[in-house]
Every structure is written in C-alpha cells, then in structure tokens.
Amino acid sequence: MSRALPLRAVLASAAVLTAIAPLALPAPALANSPSPAAAVAGRHAGPDVIDTRATDVYPEGVAWDPTRRAFLVGSALKGTLSVIRLDGTVQELAPSIGMVSTLGVRVDTARNRILVAYSDFWIRQRLDVGDQPPTSGVAVFALDTGKLQRRIDVAQGLSRTFANDLTFDPQGNIYVTDSVSETLQRIDLAGHVTPVVTDPRFAAQIVGLNGIVWHPDGYLLAVRYDDGRMFRIRPDAPAGRKVAEVDLAEPLVGTDGLGLRADGSLVVVTNSIGEAVGAPGGVDGVKVVGSRDGWRSAAVRSRVEPWPVGGPTTVAVTPYGDYVLSGEVGTVLVGETSDRIVLRRLPCSGPKHHGHPGHRSSSGTSTSSKGIIR
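Residues numbered from 1 in each chain as written. Predicted model: local features only at pLDDT ≥ 70, side-chain atom pairs only at ≥ 80, totals over all residues. Heavy atoms only, no water.

## Quick word on the overall build of the protein
Looking only at helices and strands, the protein has 2 helices and 25 strands in total. Within the span of the protein, comprising 374 residues, buried residues form 60% of the whole. If you sum the accessible surface of the protein, you get close to 14,700 Å²; carbon and sulfur atoms cover 51% of it. (Helix = DSSP H or I, 4+ residues; strand = E, 2+ residues; numbered from the N terminus. Buried < 20%, exposed > 50% of the residue type's maximum accessible area, 1.4 Å probe, protein only. Areas by Shrake-Rupley, 256 points an atom, 1.4 Å probe, with all protein chains shown as cover.)

As structure tokens, then:
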C-alpha cells in the first residue's frame, strides 16, 4: 500500500486535475437558464464566452458533441455527465456512476459512444469509501441516450491508480493515461485491457502523464503535468521503440488538457495550482504548439497568458473555435463553493482560422485586459 499524502498536499494538488468530494454528496442542481453573460450562437457562429451556472458540478473535462451541437462535461465532484448548450443551458445527461470523479471526455460518433475516464484517486484520500478498492476506469455511454453501457476497470488491483485522460484511434481502441503509473493502457472494442507500454519516464507520485490525443498519422501525443515533457508514442512499434520524447523549445509545465486541430496544431491548456504542493507549476494559460517534422520536435506558435478565467483545465475543438473550460475546480479546494462554469473561445480560433477538417496532417474573439496574446 502506498503512504497517504498529507491532507494539505492532497487538497491543493487535486486542482491540477480534479476536485475532492465533500463529505456530503447531494444531487447537483443544474441551471435551467444561462447567465446573461452567455451569448447566443447563430447557425454559423458561436459565442465568445459561455458563462453559466450549475451547482456542485465542477467540470474538469469537456468534449464537443456534434450530434447535439453542444458540449459534454464530466464532474470532478459528482461523477456525472452533463450537457452545456451554446446558449449556456446546463442539463444532466447521465447520473453519477459512483464515488468517483469523471474526468477526460471524448465523443466517438462513429460508434455512438461517449468515453469518460473516471477515478476515485482524490476522493478516497478524504472520504470513507468502505470496501471500494482503488478505482480507475473508462465508462462508456450511449451517445444518443446518455445511458451507461459499461464500465471498464483499468486499476487491475493496483494500490495507487489515477485514470485521468483518454483518446481513441480509428479502430476504436481507447488509450487512457494513469497519472501515477508508468504504464499506458489500451482498451479494445471488446473491453480487454492491455498495456501499450511501460516506461519509467511516465511514473509520478502525484500527477505525471496527463493529457493525450490520437494523431491521424498513427501515434499518440501525451504530456506530463509536472515537468512539461511531451511524448510521441507509437502503440504498435517494436518494444523499445514505442516512446520518443518530443524535442520542445520550452517545457509545457502545468499541462492539463490537449486538443488537436484539423490544421495539425495542438492546443495546450496549462494551470498553476501544482505549485501548492511543490510541483513545478505552469501558468493559467493556453498555448498553440506546432511541429514541422511529424512531432519529433515542436515549438509554441502563440499563447494567451494569463488566461482571462482562472483555473483552465482543458479544451474542446469545435466548428465554432476552440473553447477552453474553467470549471472552478480549485475553488472547492479552499473550502469555498462556486457554481460558475465558463467556456471561453480562444482568440483567432473560429472557423475562418482553422484548417479544413479534411487535412491529413492531423488534428476568437476578444480577450480581456488580463489576456496577453503573443
């Protein structure tokens, strides 16, 4: 068994990716109508900012759902799945799946699936979870109905496990990061879990490997939160040749979520809360990173630092631009509450600025005076 972290460290570091549940877990009260600050989107344009309210949700992960023309978010506090529409309306889609945080979210339209990474890593540090063993996995929901179809365990008896983010390839294989493990896992369509690779460069005590995306050229890109290293992972390469560290012009310290654009660039969302536990924290910001050599090396092309809304965690790439989520997951850590959820569009990321979705290479708006566009 691993040694428990001090409570102060647990509380502060949770904001890196998720929030710790309070002692009582009442059902969330969702907003029936958007905040006046939420702009209503037209048919061919989205709002610059969706500023809305939903009690006790604290979403950490987000994905764009083209079938609903809306966002899907998890709940670091409740283990639920909710819909946020472009007008700011919030509605629960799936009830809690248990005493876990629902974190990374992906939509697989071809297979009518919503894929959600979940874990009780932070919750069990504070709550009595009874005989529930350390829990991490992937929940699969029907995209059309929101009904839970299956839960796939990736903890496999480990005493420390933290399924955090996930992605999938064209064949439907799911890849899930475990932020305290040196092993990257793959789940096939039948639900079988197998290790893709075990690499000591992935191992961490608190939060290591975090955001992950599938590149259409046949590899994965993943980034560590604590030291900002990026890895290019080829799942089917021979042993010893699966993982290569991407040569970065600067480390992407504090990286939480990633979004791969159709033009081949990568949107990288960073936050600073890791500093509370002595981890090298980044800044609350968003960077656009690009590569000219197939992600053997990469450099920052543009950035907005600091991000106008505190505590950004990840991004959803949509037809209306790239929307960065700030779900107030840090507020609850200091004993306060907030029902605010903000999705803010990255400047110059609307339809006129994105590459055409058919590009093989891969996968706006105003900002406040706090945001510096470089």
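This is not the end of the story, as more comes after the structure.
## Overview of the packing of aromatic side chains
According to the stated counting rule, one finds 6 aromatic pairs in the structure shown. Ring centres of Tyr175 and Trp214 lie 5.8 Å apart, and the angle between their planes is 10°; this geometry places the pair in the stacked category. Of the two residues, Tyr175 sits in strand E11 (residues 174–178) while Trp214 sits in strand E14 (residues 209–215), which places them 39 residues apart along the sequence. Judged on exposure class, the residue Tyr175 and its partner Trp214 are both buried. With 5.3 Å between their ring centres and 75° between their planes, Phe202 and Phe231 make a pair best called edge-to-face. Here Phe202, found in the loop between strand E13 (193–198) and E14, pairs with Phe231, found in strand E16 (residues 230–233); they are 29 residues apart in sequence, far enough to count as distant. (Phe/Tyr/Trp six-rings, centres within 6.5 Å; stacked < 30°, edge-to-face > 60°.)

## What to know about empty space enclosed by the protein
Taken as a whole, the largest cavity holds about 30 Å³ of empty space. What lines the largest cavity is Leu248, Ala249, Glu250, Leu252, Val289, Ala298, Ala299 and Val300. Here the lining of the largest cavity takes 3 residues from strand E22 (residues 297–304), the largest share from any one element. When its residues are assigned to classes, the lining of the largest cavity shows 7 nonpolar, no polar and 1 charged. (1 Å grid on protein atoms, 1.4 Å probe; cavity = no way out; pocket = protein on both sides within 12 Å on 5 of 7 lines; lining within 4 Å. Points joined across faces, edges and corners; volume = space filled by probe spheres on them. Nonpolar A, V, L, I, M, F, W, Y, C, P; charged D, E, K, R; others polar.)

## A closer look at the sheet that holds strand E24 (residues 321–326)
Here 4 strands make up an open sheet; going across it, the order is E1-E25-E24-E23 and the pairing antiparallel. The strands lining the two open edges of the sheet, one partner per strand, are strand E1 (49–53) and strand E23 (312–318). Geometrically, the sheet is characterised by an average inter-axis angle of 20° between neighbouring strands, direction not taken into account. Pairing analysis gives 6 bridges linking E23 to E24, with the strands arranged antiparallel. The residue of E24 that forms the bridge with Thr314 is Leu325. (Pairing = 2+ DSSP bridges. Axes fitted to C-alpha atoms, helices over the stretch in contact; angles between N-to-C directions.)

## Details of the side chain of Asp165
One can find Asp165 in strand E10 (residues 163–168). Given a relative accessible area of 9%, Asp165 falls into the buried group. Here the side chain of Asp165 touches Ile212 through a polar contact of 3.2 Å, landing on its backbone nitrogen. Once you skip the residues sitting within four places of it in the chain, Asp165 turns out to touch Gly104, Arg106, Ala117, Tyr175, Val176, Thr177, Asn210, Gly211 and Ile212. (Polar contact = N/O pair within 3.5 Å; in protein donor to acceptor, adjacent residues only side chain to side chain. Contact = heavy atoms within 4.5 Å.)

## Focus on the pairing of strand E25 (residues 340–345)
Across a regular strand the side chains alternate sides, sitting on one face of the sheet and then on the other. Within E25, 5 of the 6 residues are buried, leaving the element largely enclosed by the surrounding structure. Strand direction decides the pairing type here: E1 and E25, joined by 5 bridges, are antiparallel. Counted as the bridge partner of Thr52 is Ile341 from E25. Inspection of the sheet shows E24 paired to E25 by 4 bridges, in the antiparallel sense. Each bridged residue has a counterpart across the sheet, and for Ser326 the counterpart in E25 is Val342.

Purely geometric stuff here, so don't read any function into it on its own.
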